[in-house]
Amino acid sequence: WSLPTTFRASGRKGIEAAGPLLDEEGHASIRTGMLSLGIAARGSCDDGVRAALDPYLTHGNGALRDVANVALGFAFQGSGNGDVFSLLRRTNLEESRGASTNYPLSVGLLFQGTGDELASHHLRDLVQEERRRLRRHIAMGIGLIHQGTSSPSAVEEMLPLLEGNELDAGSEALLLVDFDSEALAVEFHADNLADGPGAAGMFVREHLHR
């Protein structure tokens, strides 16, 4: 989780350096490579990066699928790219194993700050469909979509979470809606950046600023 941070704002040189990491042996090394590639390419909408990450979206290893989703979200951050949205939906919701736990984060990153109602409704519907495994990141995904918009509709989208057991996650996500990216201060603790259920969420929080 720490090495990819060194690729921040590295641009084309970073993409070229991170790409070969996907050829390393071992799932842990590949996960690191994908995160590095996503951070290096963040917001670039680089089709070469999408092609490199694509095979891992349906990989047999769930941890690789989880990281591929987040990395692709970073690479197309804030673009609202319809083709990528279709790719994410197809590789997650049509998978027999079910969607990646990080799927809501990837959608949130893809539409970050756009206020896109279709994407926001889509994440809300995942709650209504009782996809419990995704709930921990749905609020953050909706918050990312509405980041800086001060849109009251974001509250409506999050109501199923705010009224349920995800009050903390929902309240944190609402901060994204009320404050623009320049004013937002996000605190995180290094000891929480373990390779566990909350690790991807903490990593995304660290890299919220576009």
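Here is what the cut-offs are and how they apply
- Residues numbered from 1 in each chain as written.
- Predicted model: local features only at pLDDT ≥ 70, side-chain atom pairs only at ≥ 80, totals over all residues.
- Heavy atoms only, no water.
- Helix = DSSP H or I, 4+ residues; strand = E, 2+ residues; numbered from the N terminus.
- Buried < 20%, exposed > 50% of the residue type's maximum accessible area, 1.4 Å probe, protein only.
- Polar contact = N/O pair within 3.5 Å; in protein donor to acceptor, adjacent residues only side chain to side chain.
- Axes fitted to C-alpha atoms, helices over the stretch in contact; angles between N-to-C directions.
- Parallel < 35°, antiparallel > 145°, perpendicular 65-115°, else oblique.
- Contact = heavy atoms within 4.5 Å.
- Nonpolar A, V, L, I, M, F, W, Y, C, P; charged D, E, K, R; others polar.
- pLDDT = per-residue confidence, 0-100.
- Expected span 1.5 Å × (residues − 1).
- Arc of directions from axis to C-beta.
- Core = buried A, V, L, I, M, F, W, Y, C linked by side-chain atoms within 4.5 Å.

### Topic: the environment of Ser10
Point 1. With respect to the helices, strands and loops of the structure, Ser10 is situated in the segment before helix 1 (11-18).
Point 2. By relative accessible area, Ser10 is classed as partly exposed at 25%.
Point 3. Separated by 29 residues in the primary sequence, Ser10 and Ile39 have C-alpha atoms spaced 8.4 Å apart.
Point 4. A polar contact of 2.6 Å, which involves the side chain of Ser10, links it to the backbone oxygen of Phe7.

### Quick look at the packing of helix 5 (residues 82-93) against helix 6 (residues 103-110)
Point 1. At a minimum axis distance of 11 Å, the contact between helix 5 and helix 6 shows a crossing angle of 175°. Here helix 5 is positioned roughly antiparallel relative to helix 6, judged by the angle of their axes. Along the contact surface, helix 5 presents Val84, Phe85, Leu88, Arg89, Asn92 and Leu93, while helix 6 presents Tyr103, Ser106, Val107 and Leu110.
Point 2. For the contact of helix 5 with helix 6, the per-class residue count stands at seven nonpolar, two polar and one charged.

### A look at the confidence of the model for the protein
Point 1. Summing up the model confidence of the protein, the mean pLDDT is 82 and the portion of residues at 70 or higher is 78%.
Point 2. Low pLDDT, under 50, characterises residues 183-194; the predicted model gives this stretch 19 contacts beyond four residues in sequence or across chains.

### A few points about helix 5
Point 1. Helix length check: helix 5 (twelve residues) gives 16 Å between terminal C-alpha atoms against 16 Å at 1.5 Å per residue, within 8%.
Point 2. Here helix 5 has its buried residues at Val84, Phe85, Leu87, Leu88, Thr91 and Asn92. Buried residues of helix 5 fall within an arc of 160° about the axis and therefore sit on the same side.
Point 3. Where helix 5 begins, one side-chain oxygen reaches toward the backbone nitrogen of Asp83, 2.9 Å away; that side chain belongs to Asn81.

### Focus: the environment of Leu87
Point 1. Topologically, Leu87 is positioned in helix 5.
Point 2. On the accessibility criterion, Leu87 (8% relative accessible area) is buried.
Point 3. When the C-alpha atoms of Leu87 and Leu57 are compared, they prove to be 9.0 Å apart, with 30 residues separating the residues in sequence.
Point 4. Setting aside residues no more than four positions away along its own chain, Leu87 makes contact with Arg50, Asp54, Leu57 and Leu72.

### Looking at the nonpolar core
Point 1. Membership of the largest hydrophobic core comes to 54 residues, with the highest contact counts inside it found for Met34, Leu72, Val107, Ile138 and Met158.
Point 2. The greatest single-element share of this core, amounting to eight residues, is contributed by helix 4 (residues 62-75).
Point 3. If we skip the residues at most four places from it in the chain, Met34 touches Leu22, Leu53, Tyr56, Leu64, Val67, Ala68 and Ala71.

### Digging into the packing of helix 8 (residues 135-145) against helix 9 (residues 153-162)
Point 1. The geometry of helix 8 relative to helix 9 is characterised by a closest axis approach of 10 Å and an angle of 175° between their N-to-C directions. The orientation of helix 8 with respect to helix 9, classified from their angle, is roughly antiparallel. Two secondary-structure elements touch here, helix 8 through Arg135, Ile138, Ala139, Ile142 and Gly143 and helix 9 through Ala154, Glu157, Met158, Pro160 and Leu161.
Point 2. Among the residues making up the contact of helix 8 with helix 9, the classes are represented as seven nonpolar, one polar and two charged.

### Concerning unusual backbone geometry
Point 1. With a phi angle near 55°, Cys45 is a residue other than glycine that sits in the positive phi range.
Point 2. Secondary-structure assignment places Cys45 in the loop between helix 2 (27-40) and helix 3 (47-53).
Point 3. In this structure Cys45 comes out as partly exposed when scored by relative accessible area, which is 29%.
Point 4. We note that Ser150 has phi near 55°; this positive angle belongs to a residue other than glycine.
Point 5. Its place among the elements puts Ser150 in the loop between helix 8 and helix 9.
Point 6. Under the relative-accessibility criterion, Ser150 is labelled partly exposed at 49%.

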